[in-house]
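Observations on chain architecture
The lines below spell out each chain.
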Amino acid sequence: MQNKGIIKLFALLFGLVSIYQLSFTFKANQIEDEAKVAAIAKYDETVKDYQDLRTQAEIDYLDSLKTSKIQVGDKFEPIEVYSLGISQYNYNEVEGNAMKLGLDLKGGINAIIQISVKDILKGLANNSKDPVFNKALADAEELQKDAQESYLESFFRAFDAIKGDTKLASPDIFANRDLSDDIKFDMSDDEVKSVLERKIDESIVSAFEVLRNRIDGFGVSSPNIQRLGNSGRILIELPGARDKKRVVDIITKTAQLQFWETYKAEEMLPYVFQVNQAMVDAAKEEEKADDVAEVNEVEQDTTSSTIDELTGQIEADTTNVADINPLGIQGPGNGPIIARFLAKDKKKVLEALNAPQNRAQLPSEMRYAKFVWAIQAKDSEFSELYAIKSNRDNQPQLSGAVITDARQDYDQLSRPAVSMQMNAKGAKTWEEMTKVAYETQGYIAIVLDDIVYSAPSVSSGPISGGNSQISGAFSLTEAVDLANVLRAGKLPASAEIIQADEVGPSLGQEAIDSGMKSFLIALAFVLIWMIFYYGKAGIFADIALLLNILLIFGVLASLGAVLTLPGIAGIVLTIGISVDANVLIFERIREELAKGKSQKESIKDGFSNALSSILDANITTGLTALILFVFGTGPIKGFATTLIIGILTSLFTAIFITRLLIDWWANRGGTLDFSTAMTKGLFKNVNINFLKKRKIAYMISGLLLTASIISLFTNKLDQGIDFVGGRTYQVRFEQPVSTEEITTVLSDPAVFSSAEVKTIGSANQLKISTKYKVEDNSVEADDEVQSKLFEALKPYLPSGMTYQEFQDGSGEAKIGKMLSSKVSPTIADDIKKSSFWAVLGSLVVVFLYILFRFKRWQFSLGAVAAVFHDVLIVLGIFSLTWKFMPFSMEIDQAFIAAILTVIGYSLNDTVVVFDRIREFLNEHTSWEFGKTINASLNSTLSRTLNTSVTTLVVLLAMFAFGADSLRGLLFALIVGVIVGTYSSMFIATPLMYDTAKKGDAAESLKKKVKEEDEE
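Let me sum up the structure you'll find in this document. (Residues numbered from 1 in each chain as written. Predicted model: local features only at pLDDT ≥ 70, side-chain atom pairs only at ≥ 80, totals over all residues. Heavy atoms only, no water.)

Further remarks concern the packing of aromatic side chains. Counted under the stated rule, the structure contains 34 aromatic pairs. Summarising the aromatic geometry, the rings of F752 and Y772 are spaced 5.5 Å apart at their centres and angled 45° between planes, so their arrangement reads as tilted. In this pair, F752 sits in the loop between α24 (739-746) and β23 (756-759) while Y772 sits in the loop between β24 (765-770) and α25 (779-793), placing the two residues 20 residues apart along the sequence. Between F920 and W927, the aromatic rings sit 6.1 Å apart at their centres with planes inclined by 90°, giving edge-to-face as the arrangement. Take F920: its relative accessible area is 11%, and that puts it in the buried class. Linked through ring pairs, F525, W529, F532, Y533, Y534, F586 and F674 together constitute an aromatic cluster. R659 extends its terminal NZ or CZ atom over the ring of F607, reaching a point 4.9 Å from the ring centre. Its end group placed over the ring of F959, R967 keeps NZ or CZ at 5.9 Å from the ring centre. (Phe/Tyr/Trp six-rings, centres within 6.5 Å; stacked < 30°, edge-to-face > 60°. Helix = DSSP H or I, 4+ residues; strand = E, 2+ residues; numbered from the N terminus. Buried < 20%, exposed > 50% of the residue type's maximum accessible area, 1.4 Å probe, protein only. Lys NZ or Arg CZ within 6 Å of the ring centre and 35° of its normal.)

So, in structure tokens, the structure goes:
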């Protein structure tokens, strides 16, 4: 092997980088465990709502690590929590570099948000009453139920169908005053459509930016937000988030841009000092009470510096500033800035300033004052407080609805800024506001989502014409983003959650535990099996496999990829099939040794001859994984990601690392038999006439296919909410419960009228699905369904359990709701169609690849027919058994991932056989075609069975010890591996033979292969 030095260096660096990257994950886990221990120590189980208090204490502990700083020289630096000797890291850096865990492992909330394009169109048309326009909007909604196109495309189609003489550029529709700069009366519909597409895209971008800013301020680690094509949908993932109501409120409210007059520092600062003094006085009064002396001691401990608590050090002669400055005022402000505070104290400050007993001290003309924070500057631990002149209705004089255009610009000091243009009504109000500000030397705060972006003064007189500029501590990117938000600020684009998943943290921990258990059992079996079957060579394969696992996790962490439960399944499956490359190599080396070649020559030829089969097999599997990545979402994308990474690292470790180890051993005089006493000569003299048995195989497959098709039409499949829409809850009870009894209770007309109940895992855990109010995506409907569920299940839950405890999963056994999911019918239809195209697309891609590699359609036909055969049988078995199996066999996105994996696995087997047929056709030109086929199948039998057995045992370990939610996916994979192994030998190859032997096709095939090799 050439360039061994480079490969050794690359492997060493690759391994060290993976270890370095994974070290952050171990450190982050250690810190999170410390936070949990501290929270448990702080609140005993006897305390009311101890679970919520512990959760908040855990969050506060980690937040303090993120925000607290210590003085180093002349600067304040974040606390260092991890040292590698040459470099130190704070908690933000450790968390940022740690492996990201998905919702199913960490718990949390994910949602797909639909931005209402209909609302945006109505806003652009100034809520036009035109009957054609409104009929087109209604028709577009109907078209969307069965369409894969965007709402805007459906609207255009609906409008064109009914428009008659009406034009989009009608004064009553889009050629209105607000759009006069973009749409003229004489424009054609196609020209208007182009403008609308741009306006809609700007609105979606603005919604995306608003949501991203809100999510960034939400406080969860590793949030993910991304646009889903041009559909107006936005995916949001919040690992670790637990307050669903707060999440829903944050991501569904429309952006509020407002302009307010502000109070000056000298007007409001006395009130702030007054509140601060009141808190000091109250604390002194408490100290006078003898009966709370012990409590005071505890409070003093808990109000000590967070830094001291974390570092375990308390400096001598310190003064507890909380006694004289409980608000934590860091300094008085000036102009419109009232005062400065530590960012971590913002919640405490607002609670104190808005407390009714304190606000009662405000003068009557200030009673509607509203306190808001400035936009947080990067790398600053301080926040600035403003007070705006609100009113009884909390309505500003001017809102973002008046803005007709906004663009990124620069102010007089060449700093990034945002220039705005208002409509006539807004321009008039703006002139009045700036006139007052000029005359009173006041300030006008520009507030977006209750955050002050800037509060400029007016120094040159009233501003006429509606032109204005926002300047502040913007970066260029922030100015561009803000301009995007303001440009669509006048568009009332409502946001609706059309798909949501909520996973409890306890369920996530259980998933990690079960996943690790199945992972270790599967790994142990594979390591032992390789040594048992290949002896010393198996040890080298095991070393390569362990390095492969290290690299997979290292690459995932380095790329910032999110590890999910299906992702763990993908890694474990990779363990099962990653030995396939080593098996192929070792089997070829054994063949070369059997020919009488020397050990060194056999190793060289074995690696060389196996390379083609390894590449073809892994490329076909990789193609299906790639299609799954493109069409999948959430956990399924995670499954595809780990599978793709696993394929790449497996190729590297099998082809290069195993070769390095074997060459090293051989060059130092060591002997390798690539077998043990028990496996030597195994499958050597096998001579099965596969082609002779093909008619029996055709009959067996025919019967299985017939039964599958009949069952699919009669018994159908158990479609999950991914495909039909609805709400699903996983509920755990204290004792086993009857699914029939719970079904009867929930199907009562007073509850849901109809519900589907299944046992998932143990008998005390149920999966409950209902279509009650499936069309209603409102928060109120979600709350109503969950409340009805709790009330109906109350007799089966522990006595005295509250609704809040049911929601969170209560007690050590975590009784209550563990998981909830919601999918609207619209997106369910989209998921179903995208799944169909994913499967069909993978078949087409694989057909073309095999045609490209083998140059004959007979090979492609045999491979794709075998895949169809495997998929239909897996579907048929699910259809036949889903009603009585003791685990969920719903057809959902995870099942589609399993089907695509089966396709990849089946093709992997088939391509190895086809590769051997091509080789034998060239080597044994005098053999009959049938003899070549049989010899090829027999020579690859050892590899086929070896790989199938290791993969099956891995899957069975996962099935027995893994998470309950994965059992349906794993059952599909187990059936798929068995059927795929069978079909590669008895369906794909015989079909290729039967189609190629007609006429002179077989002879032509042999000649074609020979010509290619001669070239």
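Still more to cover.
Quick look at the pairing of strand β16 (residues 416-422) now. Along β16, six of the seven residues are buried, which leaves the element largely enclosed by surrounding structure. Sheet topology places strand β15 (residues 403-410) next to β16; seven bridges connect them, and they run antiparallel. Bridge pairing in β16 places Y410 opposite P416. The antiparallel pairing of β15 with β16 creates a hairpin that spans five residues between the two strands, and S414 there sits at a positive phi of about 65°. (Pairing = 2+ DSSP bridges.)

It is worth spelling out the sheet that holds strand β18 (residues 451-454) at this point. Spatially, eight strands are ordered β10-β11-β13-β12-β18-β17-β9-β14 in an open sheet, and the strand pairing comes out mixed. Looking at which strands have only one partner, the edges of the open sheet turn out to be β10 (329-332) and β14 (398-399). Across two bridges, the pairing between strand β9 (residues 257-261) and β14 is antiparallel. Within the sheet, the bridge partner assigned to F259 lies in β14 and is L398.

Before going further, it helps to examine the pattern of salt bridges. Under the defined criterion, the tally for this structure stands at 30 salt bridges. Two residues, K193 and D160, come together in a salt bridge whose shortest N-O distance is 2.8 Å. Here K193, found in helix α8 (residues 189-216), pairs with D160, found in helix α7 (residues 151-162); they are 33 residues apart in sequence, far enough to count as distant. With relative accessibility at 34%, the residue D160 sits in the partly exposed group. Across the pair K199 and D182 runs a salt bridge, and its minimum N-O distance is 3.4 Å. Taken together, the positions of K199 in helix α8 and D182 in the loop between α7 and α8 put the pair 17 residues apart, joining distant regions of the chain. Classification of D182 as partly exposed rests on a relative accessible area of 25%. Connected through shared salt-bridge partners, D160, K163, D189 and K193 make up one network. (Salt bridge = Lys/Arg side-chain N within 4 Å of Asp/Glu carboxyl O.)

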